[in-house]
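# Secondary and tertiary structure notes
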Amino acid sequence: MEVDSGTVVPTPFEKVTGVTGPAESTIETEPRMPLSRESVVRLPKLTGVAKVGVRPRVDAETSVTPFTFSGENPALTQRREKLDALHARGIEPFGGAFETSGSIAEILEKFKEGEMLRAAGRITAKRDMGKSHFLDLRDITERIQVYFHEKEMDSNAIEIFHLLDVGDFIGVEGICFLTKTGERTLRVHKFEVLAKSLRPLPEKWEGLQDIEARYRERYLDLLTNDHSRAIFEKRVAIVRETRRFFEDRGFLEVETPILQTIAGGAAAEPFRTHHKTLGLDLYLRIALELYLKRLLVGGFNKVFEINRNFRNEGISRKHNPEFTMLEAYWAYADFEKMANLVEELICYLAEKICGSLIIEHRGADGEIVRTINLKPPWRRARYHDVVREVAGKDWFELSSEQRRDRATNEFKLEILPQLADFEVTHHVFEKLVEEKTVDPLFVTHCPKELVPLAKQNAADNSLVDVFELIINGVEIAPGYSELNDPLVQRQRLLEQAGEEKQKIDEEFLLALEHGMPPAGGIGVGMDRLTMFLTGAESIRDVILFPLLRPRKP
């Protein structure tokens, strides 16, 4: 029945294209919607009177051409046919707003027998028992069971109900009751089709078995894989609690440029782009550091930023081209104070998110495969000492040729010919120390060649006052006593740039020449932090939409 906007017209029950209820009905329309159609049905008084609505589909002049599906998957064809059937009954399969009594978790909390509540979610299961039908509705918070009975539905309502599939979104209004098994259930008094799913979902217990499909179609992975969904819920909490941690300690959160004229702050290959209006070649930033230090010059004594970095380099279990970093700088602090801060941060997150300082990683079978003990104090050791532990006490007394030979022949490491001597040592460190360290380890006092932006050690100018925090076989956080001497900084950057002098960030050096207070700084890889707190084996498991090659046509 087509009616003018705002009109309420009684109509015989048998003419209603509604959803549930064998009793009297009315039709209502939304205000100021010309030529609309909406049906409302009432249930018997014994269930508590409430409405059942159908959203207006199209106006009188609109026509819908049915889909055709030659050669298509039968499951897809069947769903599209159901879509056309909904259209034919004047029902809009892709509805609008639906007022609920809260999230499904909140509805379960306020559940009280006999009360009327409204819920919306995706159908994740259907159980038909003759004329009784049970559906599971789920949102990200929880699942609730809803109940339909055909004795309380007219023929049109039954037809509409049977056009629903697992995967569809519906809104329901119903009376709370407990089943014989004690399960909290809504006896549906009204329902509305909110979105028709045109493709079937993966089986709940099988989920997406193809690893690449899990990354490419993350939305399906989240729907069918509770473990995956839990990881990303924890990631959200980790970022939120990290912000809270720093704000509670007086740090200011800031935002700095992603598009930069010089890719500075790290030794990495940047992504290049071009600004047409300015005629300017630009880079996506590879690090947050240099702009945050400008803020120290400007008088911001405690600053932090959580944001994306981009590096045009390899992809591995530990590396993704775009990744999330936390960097924080604290005026008048040093690397030891920053080590205390990052230890406190990670312990805070572990207790807040995981409920313990003992982190257990489990395999696919649920068995514990690794245990990480975060109980402080964490071990701190010098770089040279941990290298000697694995490479021999005489390692630093050997000639560069002897070190290269031992790394290649005794340790069976691949040492590229172009690697400098300090890089050979660092490769040994990465393979024999970093990758084999599970519990937290602060490695301090690294060679200055490795960290050109850190302050030299007062007792040994070949070293810098830094730490590298290793947990679970990867670097989680570096920390520095920041270099604030502009002359030494310029020399370090020139040595790092080699013949590519255009890579020197003169604007940063100009800021430094105006005076930067002594400071400590840290960088924390939020993706890797999430990996070890959740037990994820790959960085792609903690990034919602990791970079993948386009799907082949």
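Residues numbered from 1 in each chain as written. Predicted model: local features only at pLDDT ≥ 70, side-chain atom pairs only at ≥ 80, totals over all residues. Heavy atoms only, no water.

## Regarding the nonpolar core
Within the largest apolar cluster, 44 residues are counted, with the highest numbers of intra-cluster contacts made by Trp395, Ala407, Phe411, Val428, Phe429, Val443 and Val466. Taken together, the elements giving at least two residues each to this core come down to α7 (289–297), β14 (322–331), α9 (383–391), α11 (421–432), β18 (441–447), β19 (463–471), α12 (486–497) and α13 (506–513). Among residues more than four places away in sequence, those in contact with Phe429 are Tyr383, Val386, Val387, Glu434, Val443, Glu468 and Ile470. Listed in part, the 41 residues of the second largest apolar core include Phe245, Trp330, Phe532 and Leu533. (Core = buried A, V, L, I, M, F, W, Y, C linked by side-chain atoms within 4.5 Å. Buried < 20%, exposed > 50% of the residue type's maximum accessible area, 1.4 Å probe, protein only. Helix = DSSP H or I, 4+ residues; strand = E, 2+ residues; numbered from the N terminus. Contact = heavy atoms within 4.5 Å.)

## A word on the packing of aromatic side chains
Scanning the entire structure with this criterion turns up 13 aromatic pairs. Aromatic pair Tyr147 and Phe177: ring centres 5.9 Å apart, planes at 70°, arrangement edge-to-face. With Tyr147 in strand β6 (residues 143–149) and Phe177 in strand β7 (residues 169–178), this pair connects stretches of sequence that are 30 residues apart. Between the aromatic rings of Trp395 and Phe411, the centroid separation amounts to 6.3 Å while the plane-to-plane angle is 35°, which identifies the pairing as tilted. Of this pair, Trp395 sits in the loop between α9 and α10 (400–410) while Phe411 sits in the loop between α10 and α11, and the two are 16 residues apart along the sequence. Taken together through their ring pairs, the aromatic side chains of Phe245, Phe246, Phe251, Phe304, Trp330 and Tyr348 make up a single cluster. One Lys or Arg, Arg118, reaches over the ring of Phe98 and ends 4.2 Å from the middle of that ring. (Phe/Tyr/Trp six-rings, centres within 6.5 Å; stacked < 30°, edge-to-face > 60°. Lys NZ or Arg CZ within 6 Å of the ring centre and 35° of its normal.)

## As for a nonpolar patch on the surface
Taken together, the side chains of Tyr219, Leu544 and Phe545 make up a nonpolar region of the molecular surface, amounting to roughly 330 Å² of accessible area. As for its position among the elements, Phe545 is in the segment after α14 (526–534). (Patch = residues over 30% accessible without salt bridge, like charges linked within 9 Å, V, L, I, M, F, W, Y side chains within 5 Å. Areas by Shrake-Rupley, 256 points an atom, 1.4 Å probe, with all protein chains shown as cover. Salt bridge = Lys/Arg side-chain N within 4 Å of Asp/Glu carboxyl O.)

## Thoughts on the sheet that holds strand β11 (residues 272–275)
Sheet architecture is open: three strands sit in the order β10-β12-β11, paired in antiparallel fashion. Strand pairing shows two members of the sheet lacking a second neighbour, β10 (259–260) and β11, which therefore form its edges. Across two bridges, β10 lies against strand β12 (residues 280–284) in antiparallel orientation. Looking across to β12, one finds that Gln260 is bridged to Tyr283. (Pairing = 2+ DSSP bridges.)

## Concerning the pattern of salt bridges
The full count for this structure, using the stated rule, is 36 salt bridges. Between Glu344 and Arg249 there is a salt bridge, with its nearest N and O atoms 2.9 Å apart. Taken together, the positions of Glu344 in helix α8 (residues 335–354) and Arg249 in the loop between α6 (226–248) and β9 (252–253) put the pair 95 residues apart, joining distant regions of the chain. Between Glu322 and Arg308 there is a salt bridge; the shortest N-O distance is 3.3 Å. On the criterion of sequence distance, the pair formed by Glu322 in strand β14 and Arg308 in strand β13 (residues 302–310) is long-range, its members being 14 residues apart. Via salt bridges that share partners, Lys82, Asp165, Asp168 and Lys196 belong to a single interconnected network.

## Points about the packing of α6 against α8
The interhelical angle for the contact between α6 and α8, taken along N-to-C directions, is 135°, at an axis separation of 10 Å. The orientation of α6 relative to α8 falls into the category oblique. Note that α6 runs across α8; the crossing there is right-handed. Side by side, α6 and α8 meet where Lys234, Ala237, Ile238, Glu241, Thr242, Arg244, Phe245 and Phe246 of the first sit next to Leu341, Glu344, Leu345, Tyr348, Leu349, Lys352 and Ile353 of the second. Here the contact of α6 with α8 is composed, by residue class, of nine nonpolar, one polar and five charged. (Axes fitted to C-alpha atoms, helices over the stretch in contact; angles between N-to-C directions. Parallel < 35°, antiparallel > 145°, perpendicular 65-115°, else oblique. Left-handed = near helix turned anticlockwise from the far one by under 90°. Nonpolar A, V, L, I, M, F, W, Y, C, P; charged D, E, K, R; others polar.)

## A word on the side chain of Asn307
With respect to the helices and strands, the residue Asn307 is situated in strand β13. A polar side-chain atom of Asn307 sits 3.3 Å from a polar atom in the side chain of Arg285. A polar contact of 3.2 Å, which involves the side chain of Asn307, links it to the side chain of Glu305. Excluding residues within four positions of it along the chain, Asn307 makes contact with Ile258, Arg285, Leu288, Phe323, Thr324 and Met325. (Polar contact = N/O pair within 3.5 Å; in protein donor to acceptor, adjacent residues only side chain to side chain.)

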